[in-house]
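# Structural overview for review
Residues per chain are reported as follows:
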Amino acid sequence: MKIRHGLPWPLRVAGPLLIAAILAFMLLPVIVVTLAAFNDKAILAFPPKHWSLQWFARVLTYSDFQSGFNSSLVVTFWASLIALVIGTGIAITVKRLDFKGKDALQAILMMPMVVPQFTIGLGLLILVAQVGLDRGYAILILCHVILVLPFVLRSVYVSMENLDERLEHAAASLGAPPMKVLFTVVVPLLGPGLFGGWLFAAILSFNEFTASLFITTESTQTLPVTMYNYVREFADPTLAALSVVYIVVTASLLAFANYFLGLGKILNIEESP
Amino acid sequence: MNMYSRLKGWLISPAVIVAIGTCSALMTVLQFSLRTYVPGSLDVGGFTLDNFSGLMKSIYLSALGNTLCLSVETMVFSLLLAYPLAYALVRVRNRALKSVILIMSLTPLFLGEIVRTYSWTVVLGSNGFVNTVLRKLGLIEWPIDLMFTHFGVVLALVHVTIPVTVLMLGAAISHINRDYERAAQSLGANPVKIFVTVTLPLSMPGILASSTTAFAWTFSAFATPQMIGGGRVPTLSTLVYQLGLSSLNFPLAASLSVIGLALTAVSLLVFGKLTVRLKRIGGH
């Protein structure tokens, strides 16, 4: 008996068409910017009449992009690493220990999920100006740690749910000191969750723009801030070329992660059979 | 005695430092919103409420209205577009097709605000994709204005918000127990009825969670209204930036931020109340 296809035919056709249309909307800017990147004229026109790779060459030779990329790497490296270490530590403590002010600490750490970035950026900018400090890497890294920590925390919490506490007790009862339990039992078992949290933190930090705009100086300018300043100064398709680089790298990373790790599982959108 | 007690200090104190950083940033904003602005100086005068009365001008009020309007519109449209996508993502059986939908709907999330917004300027510009296509088709003679308009900003914001909405809705839909749908089916309900009376209500928690996120994200969005709006679609974020970094009027920028924080808090409360009420109706 076939009751599965009780859907009237217009709906059966309309469904896939609707999905295709929405996906087309998602892809439209990606496709358009890619075509614009190969334009040989120094204006943003669509479609290009003649093709050229000169804007890709300019991406590689424009020195501000290089220094922006370097700053971004420094900030992303430290911010994602620090956020991972702090996030793991606090997630374990929250799940396994009770201490005074636990709920308050958690609430404060999760706050950047809803507090606008421009508010945090403005706050840190004023704070640094008041204390008379330089707007160096330290404050920028602190800012990124504040912003990405909630995402690391969430990712580690989810992994902690599946961690059997008895394994830790077993190790401890066999004489392993707490530090050893942490590094030989907990951290390896949390591995995939930690990696997921770190990756997410790194991507967010690398792309963070709004708060960074407030607290970077010329010498600490990260890549997104450099890109923003470029658009304000020039109207040529160099940024389109850089966008293409971004798109290719991001899509390949995602396809890679999906193939080897199964994004559906990491993102928790897999149906249980 | 818990084995981690001895490590407690080591595990907690770094997080406390970060929490202190967050609090000091927010307290600084709060404090500066109550200080007198001294023109031409970064130092501020005594305590006052003048900044808040200074915000009672039409430019700030309309930016406030704009921001709320943009947030609600973006929330509604991204929900309408993301739901079918999330549904397809979870329910499509073909693995390859599933991967394609997943990667196509997620890639924009990881591109960063600047790349996404810049790409939209190429789509919406007067020599951009939309205008070129419409002109080639003979539908328009002169370029229509899409850049620097409310419509253009909403379009780009919806595009920014869809990926995260798809993720949250996908998580909700994938956790629906399909036995309920099968039960409805065996009782003779047609697919449309099953969707409306079973699937949709069961995904309500996901719908509310993703609405909250979409609203909060749009409320604090900066790059999109700044680059696509180009100053003609002022929002809280663009004005705070202008006041803080261009005019260096920290007190006024801070008081505008405080208004933003208050509005965020109120809307989160409203969403929270709605969630509780819906859960009660749903009998969860």
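Note: the structure precedes this text.
So, here's what we can say about the structure. Remember, predicted model here, so these are calculated numbers, not experimental data.

## As for the overall build of chain A
On a plain count of helices and strands, chain A comes out with 12 helices and 0 strands. If you list the helices and strands of chain A from N to C, you get α-α-α-α-α-α-α-α-α-α-α-α. Relative to a compact globule of 273 residues, whose C-alpha radius of gyration would be 19 Å, chain A shows 24 Å and is clearly more extended. Once the C-alpha set of chain A is aligned to its principal axes, its extents read approximately 75 × 75 × 30 Å. By residue count, 41% of the 273 residues in chain A fall in the buried class. Sequence separation of 24 or more characterises 73% of the internal contacts of chain A that already satisfy a separation of 6 or more.

## Details of unusual backbone geometry
All names here are of chain B. In this structure, Phe148 is a non-glycine residue whose phi angle is positive, near 60 degrees. Examined against the element boundaries, Phe148 turns out to sit in the loop between helix 6 (129–136) and helix 7 (150–174). The backbone of Leu248 shows a phi angle near 50 degrees, a positive value even though the residue is not glycine. Take Leu248: it is sitting in the loop between helix 12 (236–246) and helix 13 (250–282). Here Leu248 falls in the partly exposed class, since 14 other C-beta atoms lie within 10 Å of it.

## Brief notes about the packing of helix 3 (residues 63–96) of chain A against helix 8 (residues 178–207) of chain A
All names here are of chain A. Between helix 3 and helix 8, the least distance of the axes is 9 Å, while the angle of their chain directions is 140 degrees. With respect to helix 8, the axis of helix 3 lies oblique. Classified by chirality, the crossing of helix 8 by helix 3 is right-handed. Residues Ser72, Val75, Thr76, Ala79, Ser80, Ala83, Leu84, Gly87, Thr88 and Ile92 of helix 3 form the contact with helix 8, whose own contacting residues are Val186, Leu194, Gly197, Trp198, Ala201, Ala202, Ser205 and Phe206. Within the contact of helix 3 with helix 8, the residues separate by chemical class into 11 nonpolar, 7 polar and no charged.

What counts, and where the lines are drawn
Residues numbered from 1 in each chain as written. Chains lettered and ligands numbered in written order. Predicted model: local features only at pLDDT ≥ 70, side-chain atom pairs only at ≥ 80, totals over all residues. Helix = DSSP H or I, 4+ residues; strand = E, 2+ residues; numbered from the N terminus. Rg over C-alpha atoms; globule rule 2.2 N^0.38 Å. Buried ≥ 20, exposed ≤ 12 C-beta atoms within 10 Å, placed from the backbone. Contact = placed C-beta atoms within 7 Å. Axes fitted to C-alpha atoms, helices over the stretch in contact; angles between N-to-C directions. Parallel < 35°, antiparallel > 145°, perpendicular 65-115°, else oblique. Left-handed = near helix turned anticlockwise from the far one by under 90°. Nonpolar A, V, L, I, M, F, W, Y, C, P; charged D, E, K, R; others polar.

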